[in-house]
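Residues per chain are reported as follows:
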Amino acid sequence: MSLLSSSVSPLSVQRSAISARACPRNRASTQLRLNVKSSYAASNVGEDFSSAPIDVVADVKTERVVVLGGNGFVGSAICKAAVSKGIEVVSLSRSGRPSYSDSWVDQVTWMAGDVFYARWDEVLVGATAVVSTLGGFGSDDQMKKINGEANILAIDAAKDFGIPKFILISVHDYNLPSFLLSSGYFTGKRRAEQEVLSKYPNSGVVLRPAFIYGKRRVDGFEIPLDLIGEPLERFLGATENFTKALNSLPASDLLLAPPVSVDDVAWAVINAVVDDDFFGVFTIEQIKEAASKIRSLSIL
């Protein structure tokens, strides 16, 4: 008599669970039913003629976005912008809900968890897009893990569960010496980019900002990075014609790559969420253009 054993991966179990819960592969839609009744009366006729009520059913597209690292500096700006446009938002981060209070915070579903141990069947159910702000510094191995492996795991999970779109916050393509570009930070980011473009060739989005500025909260304190980034952005914009000749110098864009406001990054993400023709790799200027485009539009 022989004993047979079999194993099932947690991802397979989760995939089956989310399929059973009918997670959509395309953008979610809600049916809106309207009861329309018309009436008319000719000018020379005293009787009012009324038609029978007509049911009109229309599909209203809705968005549900999962933001990985949603309570961080960039992630919270994305959540806030999405809420302002009527988009349903779920955040997954290790610390869950942020400690501060704001009106938009109550409109986000905050989930605490580590991307390496996430229950994707709970996190991704009903999602139409996933946005990853995962990244960080540390030892070379740590940077490879958080900038590369964590993002790749999330991309693969989103693809397996049929989420139609993935948006990655990456980093500017600096003209640094090769020994710096081979660090875990940059190699991790580029590996994650390749995974997005491979798994989502017609809907994946990679944003490549340089230094991101804004008001950053750290341990209850607010660090006004905009006091540095905003004037520097204006200065580099005003002197662009004079500094172009320096762009070919090694590492020159450490100083010459224009900073990007965290709000511009957030609005570029929202543009990616709602515009199906917006996919591929986007540079600093393209991020700003996308942000400008979506700011003035009303989605709902």
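Residues numbered from 1 in each chain as written. Predicted model: local features only at pLDDT ≥ 70, side-chain atom pairs only at ≥ 80, totals over all residues. Heavy atoms only, no water.

As recorded in an unreviewed UniProt entry, the chain goes by the name NAD(P)-binding domain-containing protein, listed as coming from Acorus calamus.

K.L.:
Which residues make up the overall build of the chain, and what are the values?
P.N.:
Scanning the chain from terminus to terminus reveals 11 helices and 15 strands. Per-residue burial for the chain yields a buried fraction of 45% across its 300 residues. Counting only contacts in the chain whose residues sit at least 6 apart along the sequence, the fraction spanning at least 24 positions is 69%. Accessible surface computed for the chain: about 16,500 Å², of which carbon and sulfur atoms make up 54%. (Helix = DSSP H or I, 4+ residues; strand = E, 2+ residues; numbered from the N terminus. Buried < 20%, exposed > 50% of the residue type's maximum accessible area, 1.4 Å probe, protein only. Contact = heavy atoms within 4.5 Å. Areas by Shrake-Rupley, 256 points an atom, 1.4 Å probe, with all protein chains shown as cover.)

K.L.:
Describe the sheet that holds strand β9 (residues 166-169), naming the residues involved and giving the relevant values.
P.N.:
Pairing within the open sheet is parallel, and its 7 strands lie in the order β7-β6-β5-β8-β9-β10-β15. In this open sheet, the two strands that pair with only one neighbour each are β7 (108-112) and β15 (280-282). Ignoring which end each strand starts from, the neighbouring axes of this sheet average 15° apart. With 3 bridges connecting them, β9 and strand β10 (residues 205-207) associate as parallel partners. Bridging across to β10, Ile169 finds its partner in Leu207. Contacts between helix α10 (residues 262-274) and the sheet are confined to β5 (64-68), β8 (129-132), β9 and β10, with β9 contributing the most and set at about 165° to the helix. (Pairing = 2+ DSSP bridges. Axes fitted to C-alpha atoms, helices over the stretch in contact; angles between N-to-C directions.)

K.L.:
Tell me about the pairing of β5, and please be specific about residues and values.
P.N.:
Of all 5 residues making up β5, 5 are buried, and the element is well covered by its neighbours. A two-sided burial pattern is seen for β5, the buried positions comprising Arg64, Val66 and Leu68 on one face and Val65 and Val67 on the other. As paired strands, β5 and strand β6 (residues 88-93) are joined by 5 bridges and run parallel to one another. When the bridges of β6 are listed, Arg64 appears paired with Glu88. Remark: the β5/helix α2 (residues 73-84)/β6 crossover connection has right-handed handedness. (Right-handed = clockwise from strand over helix to strand, strands pointing away.)

K.L.:
Tell me what's going on with helix α4 (residues 140-160), and back it up with residues and numbers.
P.N.:
Count 3.6 residues to each turn of an α-helix, and residues three or four apart come out pointing the same way. With 21 residues, α4 should reach 30 Å at 1.5 Å per residue; the first-to-last C-alpha distance of 29 Å fits that figure. The sharpest bend along α4 reaches about 30° and sits at Ile146. Inspection of α4 places Met143, Asn147, Gly148, Ala150, Asn151, Ile152, Ala154, Ile155, Ala157 and Ala158 among the buried residues, and these make up the whole buried set. Where α4 is buried, its residues contact β5, α3 (120-123), β8, β9 and α6 (184-199). Of the residues one or two after α4, Gly162 is the one with positive phi, at around 75°. (Expected span 1.5 Å × (residues − 1). Bend = angle between axes of the 7 residues up to and from the residue.)

K.L.:
Quick one: what's the story with the nonpolar core, residue by residue and with numbers?
P.N.:
Ranked by size, the top nonpolar core spans 51 residues in total, and within it Trp104, Leu207 and Val269 carry the most contacts. The element that contributes the greatest number of residues to this core is α10, accounting for 9 residues. Apart from residues no more than four positions distant in its own chain, Trp104 is found in contact with Ser76, Cys79, Lys80, Val83 and Trp110. Within the second largest apolar cluster, 25 residues are counted, among which are Ala127, Phe161, Leu168 and Ala192. (Core = buried A, V, L, I, M, F, W, Y, C linked by side-chain atoms within 4.5 Å.)

K.L.:
Give me the packing of aromatic side chains: which residues, what numbers.
P.N.:
Applying the stated criterion to the full structure yields 7 aromatic pairs. Where Phe278 meets Phe282, the ring centres are 3.9 Å apart and the plane angle is 10°; that geometry is what we call stacked. Here the two residues Phe278 and Phe282 agree in accessibility, since each one is buried. Across the ring face of Tyr200, the terminal group of Lys159 is positioned such that the distance to the ring centre comes to 5.1 Å. Positioned above the aromatic ring of Tyr100 is the side chain of Arg217, whose terminal nitrogen or guanidinium carbon lies 3.9 Å from the ring centre. (Phe/Tyr/Trp six-rings, centres within 6.5 Å; stacked < 30°, edge-to-face > 60°. Lys NZ or Arg CZ within 6 Å of the ring centre and 35° of its normal.)

K.L.:
Describe the layout of surface pockets, naming the residues involved and giving the relevant values.
P.N.:
When its volume is computed, the second largest pocket comes out at roughly 380 Å³. As for the second largest pocket, its lining consists of 17 residues, of which Glu240, Leu256, Ala257, Pro258 and Glu285 are closest to the centre. Counting only elements with at least two residues in the lining of the second largest pocket, the list comes to α7 (226-238), α8 (240-243), α9 (253-256) and α11 (284-295). (1 Å grid on protein atoms, 1.4 Å probe; cavity = no way out; pocket = protein on both sides within 12 Å on 5 of 7 lines; lining within 4 Å. Points joined across faces, edges and corners; volume = space filled by probe spheres on them.)

K.L.:
Tell me about a nonpolar patch on the surface, and name the residues and values.
P.N.:
Taken together, the side chains of Phe211, Leu227 and Ile228 define a hydrophobic patch exposed on the protein surface, amounting to about 310 Å² of accessible area. By the secondary structure assignment, Phe211 is in the loop between β10 and β11 (212-213). (Patch = residues over 30% accessible without salt bridge, like charges linked within 9 Å, V, L, I, M, F, W, Y side chains within 5 Å. Salt bridge = Lys/Arg side-chain N within 4 Å of Asp/Glu carboxyl O.)

K.L.:
Any chance you could break down the packing of α10 against α11 for me, citing the residues and the numbers?
P.N.:
What describes two packed helices is the angle between their axes and the distance between those same axes. Running from N to C, α10 and α11 point in directions that differ by 70°, and their axes come no closer than 7 Å. As judged from the angle between their axes, α10 and α11 are roughly perpendicular. Side by side, α10 and α11 meet where Asp263, Asp264, Val265, Trp267, Ala268, Ile270, Asn271 and Val274 of the first sit next to Ile287, Lys288, Ala290, Ala291, Lys293, Ile294 and Arg295 of the second. Taken together, the residues of the contact of α10 with α11 sort by class into 9 nonpolar, 1 polar and 5 charged. (Parallel < 35°, antiparallel > 145°, perpendicular 65-115°, else oblique. Nonpolar A, V, L, I, M, F, W, Y, C, P; charged D, E, K, R; others polar.)

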